[in-house]
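# Fold and contact review
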Amino acid sequence: MEHGEYRPPEKRRKRRCAIFSVVAVLLIIFILVIVLALTYRQNTEKLKPTFIARCEEFKGYDCEKIWSAFEQAYVGQDPCNVSMGAYDPLIAAAPFRPACNRMMFWSKTKKVVHDFTEKRDCFLTLEDTLLGSVLDGLTWCGKEGSSKTFTTGCPGWTDCNNNPVRSFWNRASAAFADVACGDVTAMLNGSIITPFSPTSIFASIEVKRFNSTRMRSLNVVLVTQESTVTNCTNASLKDLQKELDEGIKYNCKEVAESQIQECSSNPEKPCGACW
Ligand code: N1C
């Protein structure tokens, strides 16, 4: 009577326990695989929807075409070997238009500048343009042998010079500075010893591209706080003056951050009276 073979209850319990453990382990592995697959997909597919959604805020552009021009710069490339030039087709797909007398550059003052430009419509920063706004705050890279975009595991700003994010900001800043015209403003940080730092994009790229045939003046707004350590006589600002083309007039004004904030929240005050 093979089928009805007798098993003691102890053995049966053990057998059930073993089956249960195997099912539980399989279930856990299954859930883990699903979770990993989903996070992986999110990582690789998160950038495009953000890019396209931000791009569509600007009317009259073919955002899919701009995305393709963007992607070709880094997809399938070693993420430490993406040059500024790789973004030339992207800049050509969404070129910067000059906004004479309204262009605003900055260094180490990102927050105060954008608190101001968000509330008051007087100045235009790179982040207010299509390319600056679609990529602001994002990280991306490719991998050799892959056609995907990654948003994690990418080299950091200082890991290697030719990383896709750094090269993008270098290239976009160069193109933005190329069209600077009329009276140009730059907000620099008066709370640091070197407001015009040679390693910044402002010093190493933008100022070098300012051209006196288009630009009349550079007006530095040195943002100060109570703990301010710098004023307009600062040594690094002397270097800035030396860097400028002969024909570009230079001005510098120390302005308290509180005054800029007050101006941001006071829409009646004309922009010209903010400092
Ligand atoms: O290196 P920085 O400043 O001098 O660069 C600022 C300068 C501005 O005038 C902009 O036109 O260069 C342009 N620019 C951006 O618009 C920008 N948006 C976001 C440069 N960098 C930009 N970022 C990020 O800020 C970028 O990823 C990098 O990490 C910082 C550079 O800021 P910084 O050192 O204060």
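Keep in mind that this is a model prediction, so the values were computed, not measured.

Criteria and thresholds
- Residues numbered from 1 in each chain as written.
- Predicted model: local features only at pLDDT ≥ 70, side-chain atom pairs only at ≥ 80, totals over all residues.
- Heavy atoms only, no water.
- Buried < 20%, exposed > 50% of the residue type's maximum accessible area, 1.4 Å probe, protein only.
- Helix = DSSP H or I, 4+ residues; strand = E, 2+ residues; numbered from the N terminus.
- Arc of directions from axis to C-beta.
- Contact = heavy atoms within 4.5 Å.
- Phe/Tyr/Trp six-rings, centres within 6.5 Å; stacked < 30°, edge-to-face > 60°.
- 1 Å grid on protein atoms, 1.4 Å probe; cavity = no way out; pocket = protein on both sides within 12 Å on 5 of 7 lines; lining within 4 Å.
- Points joined across faces, edges and corners; volume = space filled by probe spheres on them.
- Nonpolar A, V, L, I, M, F, W, Y, C, P; charged D, E, K, R; others polar.
- Salt bridge = Lys/Arg side-chain N within 4 Å of Asp/Glu carboxyl O.
- Core = buried A, V, L, I, M, F, W, Y, C linked by side-chain atoms within 4.5 Å.

Among all positions of helix α3 (residues 63-71), only C63, I66, W67, A69 and F70 are buried. The buried side chains of α3 occupy one side of the element, clustering within an arc of 165° when seen end-on. Turning to α3, the residues buried within the fold contact α2 (47-55), α4 (88-93) and α6 (130-135).

Our next topic: the packing of aromatic side chains. Per the stated rule, a full pass over the model turns up 17 aromatic pairs. For the pair F51 and W67, a centre-to-centre distance of 5.1 Å together with 80° between the ring planes defines the contact as edge-to-face. Here W67 lies in helix α3 and F51 lies in helix α2, a separation of 16 residues in the sequence. Taking relative accessible area as the criterion, F51 reaches 0% and is therefore assigned buried. Chaining the aromatic ring pairs together yields one cluster made of F51, W67, F70, Y74, Y87, W140, F168 and W169.

Summary: where empty space remains is shown by rolling a probe the size of a single water molecule over the atoms. Approximately 570 Å³ is the volume found for the largest pocket. As for the largest pocket, its lining consists of 24 residues, and the residues nearest its centre are W106, W157, W169, S173 and I201. Those elements that place two or more of their residues in the lining of the largest pocket are β1 (104-107), α7 (164-178) and α8 (201-209). Per element, the largest residue contribution to the lining of the largest pocket is six residues, and it comes from α7. Partitioning the lining of the largest pocket into residue classes produces eleven nonpolar, seven polar and six charged. One number sums up the size of the second largest pocket: a volume of about 260 Å³. Among the residues forming the lining of the second largest pocket, the class breakdown is ten nonpolar, one polar and three charged.

The next subject is the pattern of salt bridges. Going through the model one piece at a time under the given rule, you end up with nine salt bridges. Close ionic contact of D115 with K111 constitutes a salt bridge, the shortest N to O distance being 2.9 Å. Here D115 and its partner K111 are both found in helix α5 (residues 110-119), four residues apart, which amounts to about one turn of the helix. Between D178 and R209 there is a salt bridge; the shortest N-O distance is 3.0 Å. Taken as a pair, D178 in helix α7 and R209 in helix α8 lie far apart in primary sequence, 31 residues in all.

Attention now moves to the nonpolar core. In this structure, F70, F105, W140, F210 and L218 are the most contacted members of the largest nonpolar core, which totals 55 residues. Broken down by element, the residue count for this core peaks at seven residues, all from α7. With near-sequence residues (within four places) excluded, F105 lies in contact with F176, A177, A180, V184, T185, A186, M187, F202, E206 and F210. One finds V112, C122, F123 and M187 within the second-largest nonpolar core, a separate group that totals 14 residues.

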